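Fold and geometry: a report
Here is how the chains run, residue by residue.
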Amino acid sequence: MSSVTGRYLELCKPRVVTLIVFTAVVGMFLAVPGWPPVNALVFGTLGIGLAASSAAAINHLLDQRIDAVMARTRDRPLPTGQLGVSQVLVFAMMLGLTSMAMLIVWVNVLTAVLTFFSLIGYAIIYTVWLKRATPQNIVIGGAAGAAPPVLGWTAATGVIDPNALILFLIIYVWTPPHFWALAIHRRHDYAAVDIPMLPVTHGVRFTRWHILFYTILLVLVTTLPFLTGMSGLLYLAGVTVLNLGFLWYALRLLHDNDEALPMQTFGYSVIYLMVLFVFLLADHYLLMILS
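Heads up: these notes are all about the structure in this document. (Residues numbered from 1 in each chain as written. Predicted model: local features only at pLDDT ≥ 70, side-chain atom pairs only at ≥ 80, totals over all residues. Heavy atoms only, no water.)

Let's shift gears to a nonpolar patch on the surface. Together, Ile 104, Val 105, Trp 106, Val 109, Val 113, Phe 116 and Phe 117 make up an exposed nonpolar region whose accessible area comes to about 690 Å². Counting residues per element, the ones that place at least two in the nonpolar patch are α5 (85-106) and α6 (109-133). Among the elements that take part in the nonpolar patch, α6 stands out by supplying four residues, more than any other. Following the sequence through the fold, Val 105 ends up in helix α5. A residue is classified by how much of its surface remains accessible, and Val 105, at 57% relative accessible area, is exposed. (Patch = residues over 30% accessible without salt bridge, like charges linked within 9 Å, V, L, I, M, F, W, Y side chains within 5 Å. Areas by Shrake-Rupley, 256 points an atom, 1.4 Å probe, with all protein chains shown as cover. Salt bridge = Lys/Arg side-chain N within 4 Å of Asp/Glu carboxyl O. Helix = DSSP H or I, 4+ residues; strand = E, 2+ residues; numbered from the N terminus. Buried < 20%, exposed > 50% of the residue type's maximum accessible area, 1.4 Å probe, protein only.)

As structure tokens, then:
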């Protein structure tokens with residue numbers, strides 16, 4: 001991979017986009033009894049992935065001033081001058097327009113519209129306004145990040161189903177404890193650029209309590225697929241183990257001042273979500289085989 005290609009790839013935040021696309025694809029499979037339609041699986045996946053990459057590039061563009069100050073982001077292509085503003089803008093627009101065209105032509109209009117609003121929600125509303133307006137930024141703005149399973153579901157079926165909204169709710173409730181763990185670790189960076197993340201405005205102790213509260217809420221919400229009959233015992237057993245792990249980290253955060261623990265919690269939260277969706281998928285096909 002050339003250095004230029006690597007810089008553009010970095011704009012797309014590939015690790016974040018991979019998780020987004022993964023949950024969207026699982027949404028496609030959960031939406032149907034067999035395999036999703038080929039158009040949805042191929043062009044839906046590409047379209048959602050390109051839209052998420054476009055939103056990530058716009059985020060780089062709008063956050064370049066604070067990225068230049070924060071230790072975690074100061075080596076990104078824009079702060080270092082490896083790419084210019086016009087290059088990033090054109091790149092982001094090309095990705096966004098391609099994703100919309102792909103979804104409209106080969107998937108369906110509903111998925112394109114929902115994907116567009118998700119893109120705007122993250123790239124504009126969250127980045128420009130919410131991120132700088134309130135310590136509840138990640139709670140309110142989490143709706144955009146929770147949309148991918150719904151996008152996958154509508155790509156496969158053309159409709160919004162209540163089960164898709166359960167998947168949305170799981171990611172929505174997962175997002176605050178996931179991100180606040182990172183925010184605790186990076187609180188000095190956020191303070192330096194006047195971003196009102198919860199650990200900056202209300203302190204680390206307050207944030208740790210909120211992580212615990214949201215983790216308890218997450219435990220409750222993640223039982224909904226079983227309670228509604230969407231998933232069976234395989235999912236319930238798997239998610240119970242995952243939830244015990246998340247609760248363990250949340251309780252440790254409350255009583256342990258180890259500076260490495262917030263990032264360990266953040267890392268576990270990523271694994272948690274991916275494995276949870278694997279359990280959903282495995283249980284879905286197990287139920288189909290048994291029925």
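Overall, the coordinates contain six salt bridges when judged by the stated rule. The residue Arg 132 makes a salt bridge to Asp 63 at a minimum N-O spacing of 2.8 Å. Of this pair, Arg 132 sits in helix α6 while Asp 63 sits in the loop between α3 (38-62) and α4 (64-67), placing them 69 residues apart in sequence. With relative accessibility at 1%, the residue Asp 63 sits in the buried group. A salt bridge links Asp 256 to Arg 252; the nearest nitrogen and oxygen atoms lie 3.6 Å apart. Look at Asp 256 and you get partly exposed, because its relative accessible area is 26%. Residues participating in the shared-partner salt-bridge network are Asp 63, Lys 131 and Arg 132.

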